[in-house]
Amino acid sequence: NVRQRKGKIAAAEGGTLFLDELGAFPIGLQAKILRAIEDKTVTPLGENKSITVDFRVLSATNEDPQELIRAGKLREDLYHRLAAAEIQVPPLRERKEDLEILIPVLVQQQSQKENKKLSGITKRLLVLLMNYSYPGNLRELTNIVRAMVALSHPGEVLDIHLVPEKLLSGDFDRINEHQLDDVD
């Protein structure tokens, strides 16, 4: 008795299927995704009969979809099927005000994942993190927080000594180490 695993689309039944970095999907797979979206059916692997699936689709890319289409990395028909409502989210470097809220939340989430109670984050570390340009966007910020929490001790207040070296030599917006000395 072999247990059959559901595919990602079948598993999204009654919910939402999120396709991240759609331009990285092989063109053949994009054709299958388009067909599943249009027909609301999939054929499970090893089966001859299609099943109906009710799902929504969200997709994301950090590249310009028109450039992906021109480069042959994204099917134009799939793009138009998905582009009913497009939302452009500016990169973190253009949303500095969000970082003041986002960073402590990420620290809390990561410390819970590691079952490590921390006593907070210093203002100077917050200033440093808020002024970094994050070329890797949210993934980079999440990895930085993950590294700092991993290196910290229970009960510790996160401070600059926990920042990965690459961040200290990274790309900052209008800040230098002497400015951090002035932050309490």
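Residues numbered from 1 in each chain as written. Predicted model: local features only at pLDDT ≥ 70, side-chain atom pairs only at ≥ 80, totals over all residues. Heavy atoms only, no water.

**Section: the overall build of the protein chain**
No. 1: If you tally the helices and strands in the protein chain, you get nine helices and six strands.
No. 2: Across the 184 residues in the protein chain, those meeting the buried criterion constitute 35%.
No. 3: Within the protein chain, residue pairs in contact and separated by at least 24 positions form 70% of the contacts whose partners lie at least 6 positions apart.
No. 4: When the accessible surface of the protein chain is summed, it comes to about 12,300 Å², and 51% of that surface belongs to carbon and sulfur atoms. (Helix = DSSP H or I, 4+ residues; strand = E, 2+ residues; numbered from the N terminus. Buried < 20%, exposed > 50% of the residue type's maximum accessible area, 1.4 Å probe, protein only. Contact = heavy atoms within 4.5 Å. Areas by Shrake-Rupley, 256 points an atom, 1.4 Å probe, with all protein chains shown as cover.)

**Here's the deal with the pattern of salt bridges**
Two side chains of opposite charge can pair, provided their charged atoms sit close to one another.
No. 1: Overall, the coordinates contain six salt bridges when judged by the stated rule.
No. 2: D98 is the partner of R95 in a salt bridge, and the nearest nitrogen-oxygen pair spans 3.2 Å. (Salt bridge = Lys/Arg side-chain N within 4 Å of Asp/Glu carboxyl O.)

**Thoughts on the packing of helix α5 (residues 96–113) against helix α6 (residues 123–130)**
No. 1: It is at 9 Å that the axes of α5 and α6 come closest, and there the two elements cross at 130 degrees. Between α5 and α6, the angle falls in the class oblique. Read as a crossing pair, α5 and α6 show a hand that is right-handed. Counted together, K96, L99, E100, I103 and P104 of α5 and L126, L129 and M130 of α6 form the full contact between these two elements.
No. 2: The residue inventory of the contact of α5 with α6, partitioned by class, reads six nonpolar, no polar and two charged. (Axes fitted to C-alpha atoms, helices over the stretch in contact; angles between N-to-C directions. Parallel < 35°, antiparallel > 145°, perpendicular 65-115°, else oblique. Left-handed = near helix turned anticlockwise from the far one by under 90°. Nonpolar A, V, L, I, M, F, W, Y, C, P; charged D, E, K, R; others polar.)

**Let's talk about the packing of aromatic side chains**
No. 1: Applying the stated criterion across every chain yields a total of one aromatic pair.
No. 2: Of note, K40 hangs over the ring of F55, and the distance from its end group to the ring centre comes to 4.6 Å. (Phe/Tyr/Trp six-rings, centres within 6.5 Å; stacked < 30°, edge-to-face > 60°. Lys NZ or Arg CZ within 6 Å of the ring centre and 35° of its normal.)

**Regarding the environment of I51**
No. 1: Structurally, I51 can be placed in strand β3 (residues 51–52).
No. 2: On the basis of relative accessibility, which here comes to 35%, the residue I51 falls in the partly exposed class.
No. 3: Sequence separation between I51 and K40 is eleven residues; the distance between their C-alpha atoms is 8.5 Å.
No. 4: Beyond its immediate stretch of four places on either side in the chain, I51 contacts A10, K40, T41, V42 and P44.

**Re the side chain of Q30**
No. 1: Mapping Q30 onto the fold places it in helix α2 (residues 27–39).
No. 2: One polar contact links the side chain of Q30 to the main-chain carbonyl oxygen of F25, over a distance of 2.8 Å.
No. 3: Other than its neighbours up to four places away in sequence, Q30 contacts L22, G23, F25, K73, L74, R75 and L78. (Polar contact = N/O pair within 3.5 Å; in protein donor to acceptor, adjacent residues only side chain to side chain.)

**Observations concerning the packing of α5 against helix α7 (residues 137–151)**
No. 1: Two numbers describe how α5 lies on α7: the axes approach to 9 Å, and their chain directions differ by 50 degrees. Taken together, α5 and α7 sit at an angle that is classed as oblique. The way α5 lies across α7 gives a crossing that is right-handed. For the pair α5 and α7, the contacting residues are L99, L102, I103, L106, V107, Q110 and S111 in the first and L138, L141, T142, V145, R146 and V149 in the second.
No. 2: Looking at side-chain class alone, the contact of α5 with α7 contains nine nonpolar, three polar and one charged residues.

**A look at the pairing of strand β1 (residues 16–20)**
No. 1: On β1, burial follows the alternation: L17 and L19 on one face are buried, whereas T16, F18 and D20 on the facing-out side are not.
No. 2: Relative to strand β4 (residues 56–60), β1 is paired through five bridges, and the arrangement is parallel. Residue pairing across strands places L17 opposite V57, the latter belonging to β4. (Pairing = 2+ DSSP bridges.)

**Brief notes about unusual backbone geometry**
No. 1: Positive phi values are uncommon outside glycine, yet N115 reaches one of about 55 degrees.
No. 2: Along the chain, the position of N115 falls in the loop between α5 and β5 (120–121).
No. 3: Phi at Y134 is positive, roughly 50 degrees, even though this residue is not glycine.
No. 4: Along the chain, the position of Y134 falls in the loop between α6 and α7.

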